[in-house]
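Each chain is listed here by its residues.
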Amino acid sequence: MATEELVTEQFQFLGIEVHNDVLTKCVRLCEEYDKDAETFIEQWMAFSLTHLNGAPPTIENLSLLETREFSKNTASKSYAHTNETFDSSTGTSLPLYGAALRTHSENDVLSNYMTTTPKRIKVEKDQKAVQNEICPVTYSPTASSTKYTSRTNQGSVVHSYGSEELLQNLVKWDNLNMSEINVTQIPNDDGELYTTAKFGFELLHEKASVFDGHIRYISQCIMKKNGFSESVSVTHKTQNEVYVSGRIDCDANARLNAKSVVLQGTWEHSLSTSVSVDLDNVKQYSLFPGQVVVMRGTNPRGDVFIAQEIFSDGSRSIPDRKADMMNTLKGDLSMVVAAGPYTTSNNLAYEPLKDFITYINTHKPQVVIMTGPFLDADHTKVKDNSMAETFKSFFEKLTDSLAEIHTTSPYTKIYIVSSLKEAFHLNIYPTPPYSVRKKYANIHFLPDPCFININGVVVSVTSTDVLMHISQEEISFGSGGDKLSRLAGHVISQQCMYPLWPPPLTHQVDAALWAAHAQLPTTPHILVLPSNFRYFVKDINGCLVVNPEHLTKGMGGGTFARLLISDIDNSNSIAAQIVRI
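Residues numbered from 1 in each chain as written. Predicted model: local features only at pLDDT ≥ 70, side-chain atom pairs only at ≥ 80, totals over all residues. Heavy atoms only, no water.

The chain goes by DNA polymerase alpha subunit B in an unreviewed UniProt entry, where it is assigned to Leptosia nina. The annotation that UniProt attaches to the chain under Subcellular location (unreviewed entry) is "Nucleus". Quoted straight from UniProt, the Sequence similarities (unreviewed entry) entry for the chain says "Belongs to the DNA polymerase alpha subunit B family." (UniProt positions renumbered as here; feature names shortened; annotations may be inferred.)

The biggest cluster of nonpolar side chains holds 36 residues, and the ones touching the most others in it are Tyr350, Leu353, Phe356, Met370, Phe374, Leu402 and Phe560. Counting only elements with at least two residues in this core, the list comes to strand E12 (333–339), helix H11 (351–363), strand E13 (367–371), helix H13 (391–403), strand E14 (413–417) and strand E15 (443–446). Judged by nonpolar contacts, the second largest core, of 32 residues, contains Phe211, Val458, Tyr498 and Leu529. (Core = buried A, V, L, I, M, F, W, Y, C linked by side-chain atoms within 4.5 Å. Buried < 20%, exposed > 50% of the residue type's maximum accessible area, 1.4 Å probe, protein only. Helix = DSSP H or I, 4+ residues; strand = E, 2+ residues; numbered from the N terminus.)

What describes two packed helices is the angle between their axes and the distance between those same axes. Their axes nearest at 9 Å, the elements helix H1 (residues 4–13) and helix H3 (residues 37–51) cross at an angle of 45°. Relative to H3, H1 is oriented oblique. In the packing of H1 onto H3, the handedness of the crossing is right-handed. Of the residues in H3, those touching H1 at Leu6, Val7, Gln10 and Phe11 are Ala37, Glu38, Ile41 and Trp44. Within the contact of H1 with H3, the residues separate by chemical class into six nonpolar, one polar and one charged. (Axes fitted to C-alpha atoms, helices over the stretch in contact; angles between N-to-C directions. Parallel < 35°, antiparallel > 145°, perpendicular 65-115°, else oblique. Left-handed = near helix turned anticlockwise from the far one by under 90°. Contact = heavy atoms within 4.5 Å. Nonpolar A, V, L, I, M, F, W, Y, C, P; charged D, E, K, R; others polar.)

Turning our attention to the packing of aromatic side chains. Tallied over the full model, the rule gives 19 aromatic pairs. Centre to centre, the rings of phenylalanine 395 and phenylalanine 445 are 6.3 Å apart; their planes meet at 55°, and the pair counts as tilted. Residue phenylalanine 395 is located in helix H13, and its partner phenylalanine 445 is located in strand E15; the two are separated by 50 residues in the primary sequence. Note on phenylalanine 445: relative accessible area 18%, which makes it buried. Aromatic ring contacts, followed pair by pair, group Tyr342, Phe374, Phe395, Phe424, Tyr434 and Phe445 into a single cluster. In this structure, arginine 151 packs its charged tip against the face of tyrosine 148, placed 3.8 Å from the ring centre. (Phe/Tyr/Trp six-rings, centres within 6.5 Å; stacked < 30°, edge-to-face > 60°. Lys NZ or Arg CZ within 6 Å of the ring centre and 35° of its normal.)

Right, dumping it as structure tokens:
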């Protein structure tokens with residue numbers, strides 16, 4: 001509410017002195033036309049500079065302001081049912097779909113400076129947009145996806161994992177005791193949390209030092225786990241069997257194959273030199289560029305290492321869930337995991353996300369993990385510039401809709417993991433967490449990748465399809481078994497959420513950030529790896545790996561995962577299901 005003191009303060013800030021009768025007039029105008037002091041002074045300055053050559057406020061000038069501006073705006077409000085608003089540039093009518101009836105309120109002050117002929121922007125009534133508040137403002141009507149709306153398998157369980165007793169509790173978890181849980185983000189080995197990104201300007205010698213340190217550390221973990229005492233240079237000439245350590249690379253600018261494998265050693269042992277590797281005598285291997293390994297074999301001439309056996313498992317131990325008695329799980333924990341995108345490929349109606357929110361409101365899980373992208377930079381409707389609002393403003397509107405879950409499910413905590421495919425965010429990996437202007441009690445933003453501790457249960461999450469990336473570069477021989485388990489096992493054995501190097505051209509990785517924030521602080525109890533591969537839930541050496549796939553697949557619906565974690569610390573303490581949206 002405007003008062004004479006506030007109006008005086010605003011004028012004094014601009015160096016303008018006014019008489020008491022003028023102050024009284026200003027306060028009356030503020031009350032009559034519902035203006036606060038700051039907005040009123042801004043509009044006065046705009047009007048004065050445009051029409052009065054910067055004249056000071058007087059009773060006559062204020063009356064002129066009221067006649068030309070305030071009365072005109074009041075009249076336009078009474079005409080709001082025509083659904084037409086005005087912009088400040090010339091042109092023909094532009095329809096907007098999904099917008100509020102009055103869309104120019106934020107530009108009122110700016111429009112007072114303009115002298116060009118106004119252009120009409122027609123705001124069309126889009127019933128579907130009204131029903132779906134998540135839908136962005138667009139220049140064309142938003143149509144539903146026929147393939148999505150006509151599906152008949154929504155809510156069906158397509159895959160289950162765990163004991164029968166836990167699976168039964170998983171179906172009826174909305175009757176669980178919804179006690180408060182303690183969720184903390186796990187820092188890296190230096191005690192740092194990834195909140196902001198400073199990237200670019202990578203010096204080659206610093207980048208080389210980062211990778212050399214990584215090779216040295218992981219190779220030491222592999223040797224310690226297998227009981228090896230020491231290794232030699234990769235170019236050391238010997239006919240006796242020795243152990244060498246290094247990183248797998250390719251000797252050509254092409255896809256790795258069995259004849260193009262080279263091993264890059266550390267600076268300490270090999271001055272970072274590389275040697276070709278002969279794999280003919282190796283009975284079993286699974287290799288990809290960037291993988292740190294230890295090899296047993298000979299090198300008679302110093303230029304080709306003849307490998308006999310390859311070791312790559314440097315995984316850390318799984319922590320005890322009850323190590324911290326003050327932070328242990330009491331009762332069962334319900335969790336839902338979904339991966340973006342959250343709208344079908346042919347529209348921005350966000351129908352799958354709306355259905356997902358309905359599911360959360362109905363079942364009330366304690367933890368919801370959502371990985372990006374929320375507004376995919378590769379989406380056709382994003383590329384064709386059909387949105388009539390900024391990407392960031394739409395994401396904040398979407399976040400407001402997610403925050404409303406708190407009213408129906410007050411114990412539900414939502415954790416949103418960023419993605420480098422996001423249209424409004426940094427295109428760098430590791431990706432810093434999203435930021436919005438508001439703070440929400442039930443929504444927390446996490447980087448990609450991230451590591452969280454839920455009452456002793458360690459969960460690692462990424463939004464990057466690392467399984468697909470490794471699969472496109474991996475070569476294997478004699479491995480057999482399950483390919484997806486092998487791919488996921490690379491993440492655990494290399495202690496890294498993205499062990500592939502070099503990454504694809506579309507995946508921008510900063511070496512320093514990668515070394516600091518993409519390494520596993522410990523082997524997690526649950527590892528979430530969303531992928532275009534078919535959904536799965538697998539136990540890999542005590543770590544439960546979950547691929548919920550994506551909430552949408554093209555123009556149709558996808559899947560998400562729901563988990564139930566009991567307070568019994570054993571291999572049968574987790575049940576999971578993959579559910580169609």
